Amino acid sequence: MESVILVILVIIPGVWSRSWQVTLYSQCALRGTSVDIACSYDYPFGHLVRSVQWSKREFVSGKWRLTPLTEISPYPDHFKYLGNYRSDCTLRINAVQHADQGAYVFSFVTTFERWRSKEYAYLSIKELTAVVRPATVTEGDRVSLSYLPGCPSLRPAVVWFRDGQPVTNSGFQATAQDAGRYYCAVRGQEDSRSAVVTLNVQYHPKKVTLSVSRSHVVKGSSMTFACSSDANPAVTHSGYSLHKDGEFISSGENYSISDVQPSHSGRYYCQAQNGISNNGVNFTESTKVDLDVQFVPENVSVSMDPPNAVEGSSVNLTCSSAANPAADSYTWYWRSAAPSSRSLQPVGSGPVLSLASVEASHSGLYLCQARNPLGENNSTELLLEMVKNKPDVLLPALAGVGVTLLVALLVALLWFWKKQKQTEKHLNLLESRLSERGSSSSAVKEEADLVYANIHVSLTSPPPTATQDIAVTSAKRKSPHTGHARKAPHDEEEIIYSTVTIKSRNNTNLQHHINNRHALQDTWSNSGERDNSVIYTTVVSAL
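Residues numbered from 1 in each chain as written. Predicted model: local features only at pLDDT ≥ 70, side-chain atom pairs only at ≥ 80, totals over all residues. Heavy atoms only, no water.

Turning our attention to the sheet that holds strand β8 (residues 91–93). Spatially, three strands are ordered β3-β8-β7 in an open sheet, and the strand pairing comes out antiparallel. Only two strands of the sheet have a single partner each, and these edge strands are β3 (35–37) and β7 (79–81). Here the average twist between neighbouring strands, direction ignored, is 25°. (Pairing = 2+ DSSP bridges. Helix = DSSP H or I, 4+ residues; strand = E, 2+ residues; numbered from the N terminus. Axes fitted to C-alpha atoms, helices over the stretch in contact; angles between N-to-C directions.)

Now the structure itself:
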């Protein structure tokens, strides 16, 4: 029996221990993680462990006391004993919070004794700190994400989140979409997360829009332009400007017009700037908005073509107006020009009223009414007065002038033709006389050597020599026969003589030509005929 008891004591752990002992280790943990406080214990020979307990040292009612963890556990399994009843007394604390920070003590009870650790294990709770560098960047700058573990002995693997969504890269080039709230968490224990850090990404104005308070703008109404954008920093009041057809209108995000006029029609856009440039451009333009101011027909007028209505002729009356949208209906009215007449009678429709044949009944006052979907307006009255048709005296006058010019032209042509015939007749007569005399046949040399002149030689003059100049002066023609007073019909006419120098090769030829000339002159004298026509004679020059 004694031997059995001895065997049992041998196999029970701790029976070989020499003293009571508890060994604890302080820990540092990140808030939200789970931490194990390592612990081991021992006791003297012959004791059996009946119970174990962890307590926390707390300051209550002005003094320190040990509170069992079973009394302060916020929820089940927050404190979990991982040890045994032999030697291991490890304690696990799940999802530690700052309230869990403090001193912890282990105690146990054996079959014969109660024992508590003389030292305590201190648990420090730290925060996981996220770091975003830089915290404020301009779009396009580089951003890096890092963290501080809090506990120097810890270097946990972490994951990153932006606005609750995972971030794959801890380094990136910032865009406007990267702005947001960042935090990191221990991988696998995402409840242990850092505090949120905001990344501020500044960028130039985007999505600049110009809106109009109403879609259909009518003359006389009021309206407001509003400019908006997405920018960081936000565009201030002075950062907005409104433009029309390229011209500056106003600054500010809103611009109101209380009395819209057609002159306000045009293409509008706004510009936004916040001090952040985009590729060197300091402002961003909105899309363009066309303002189309609509109004009823105005400035309605009537014109007449031709301006004078002649009886029996056609006349067109044209109605014109300024309208937006354009007038789509025209109605013509007529009333008598008599002062007592007030009633208007509809006489047609369309922009042009045509009167094919004006009559007296057409005389009167005309006006047109122009209409579009917004309304209608009338023109001023136009007086149409018929002018009676007068005989057209201009056409007979022009015809008379034409006939006179034609007759004058024919007379001139006839006179020219008659003079031409007379000239030909005289030339033919002269050639005939010369051929009968044959005087020119012996003297013709070549056509290039012929010299023509009007020569009349008085018979009383001495015969010229070979080198003598024949001087001819203005004189009255005389009869070739001295002592005769008979005159030819044209003796009284003055004859113009030319001076001719004759250089002959021999005196014989020269004398022959002179004799021929005298013979011709005698023939004219004897016949009693003298002609005022030009007489050509052939002179042979010796070169």
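Right, let's get into the side chain of K56. Note on placement: K56 falls in strand β5 (residues 49–60). Despite being buried, K56 has no salt bridge partner; E58 is the closest side chain of opposite charge, sitting 4.7 Å away. Not counting residues within four places of it along the chain, the set of residues in contact with K56 comprises R65, L66, T67, L69, I72, A99, D100, Q101, G102, A103 and Y104. (Buried < 20%, exposed > 50% of the residue type's maximum accessible area, 1.4 Å probe, protein only. Lys, Arg positive; Asp, Glu negative; His and termini not counted. Salt bridge = Lys/Arg side-chain N within 4 Å of Asp/Glu carboxyl O. Contact = heavy atoms within 4.5 Å.)

Considering all chains together, one arrives at four disulfides under this definition. Residue C227 pairs covalently with C270 via a disulfide, S to S 1.8 Å. Given an S-S torsion of about 60°, the disulfide between C227 and C270 has right-handed geometry. Of this pair, C227 sits in strand β22 (residues 223–232) while C270 sits in strand β26 (residues 266–272); the two residues are 43 residues apart in sequence, bridging distant segments of the chain. Comparing C227 with C270, the two get one shared label, buried. (Disulfide = S-S within 2.5 Å.)

Below, the discussion takes up the nonpolar core. Grouped together as the largest cluster of nonpolar side chains are 24 residues, with contacts concentrated most on W54, I93, Y104, F106 and F108. Listed by contribution, the elements that provide at least two residues to this core are β1 (21–24), β3, β4 (39–42), β5, β8, β9 (102–110) and β11 (121–126). Residues contacting F106, with those up to four places away along its chain left out, are V22, L24, C39, Y41, V52, Q53, W54, Y81, C89, R116 and S117. Of all hydrophobic cores here, the second largest spans 20 residues; its members include C28, A130, A174 and L199. (Core = buried A, V, L, I, M, F, W, Y, C linked by side-chain atoms within 4.5 Å.)

Let's shift gears to the confidence of the model for the protein chain. In the predicted model, the protein chain carries a mean pLDDT of 80, and the fraction of residues at 70 or more is 75%. Across residues 1–17, where pLDDT falls below 50, the model places 18 contacts with residues more than four positions away in sequence or in other chains. Across residues 439–543, confidence stays below pLDDT 50; counting only partners more than four residues off in sequence or on other chains, it has 116 contacts. (pLDDT = per-residue confidence, 0-100.)

A separate point is the environment of K206. Position of K206 among the secondary structure elements: in strand β20 (residues 197–212). Considered as a pair, K206 and A231 are 25 residues apart in the sequence and their alpha carbons are 6.0 Å apart. In this view, K206 contacts E139, A176, S229 and D230; residues no more than four positions away in its chain are not counted. A polar contact of 2.8 Å, which involves the side chain of K206, links it to the side chain of E139. (Polar contact = N/O pair within 3.5 Å; in protein donor to acceptor, adjacent residues only side chain to side chain.)

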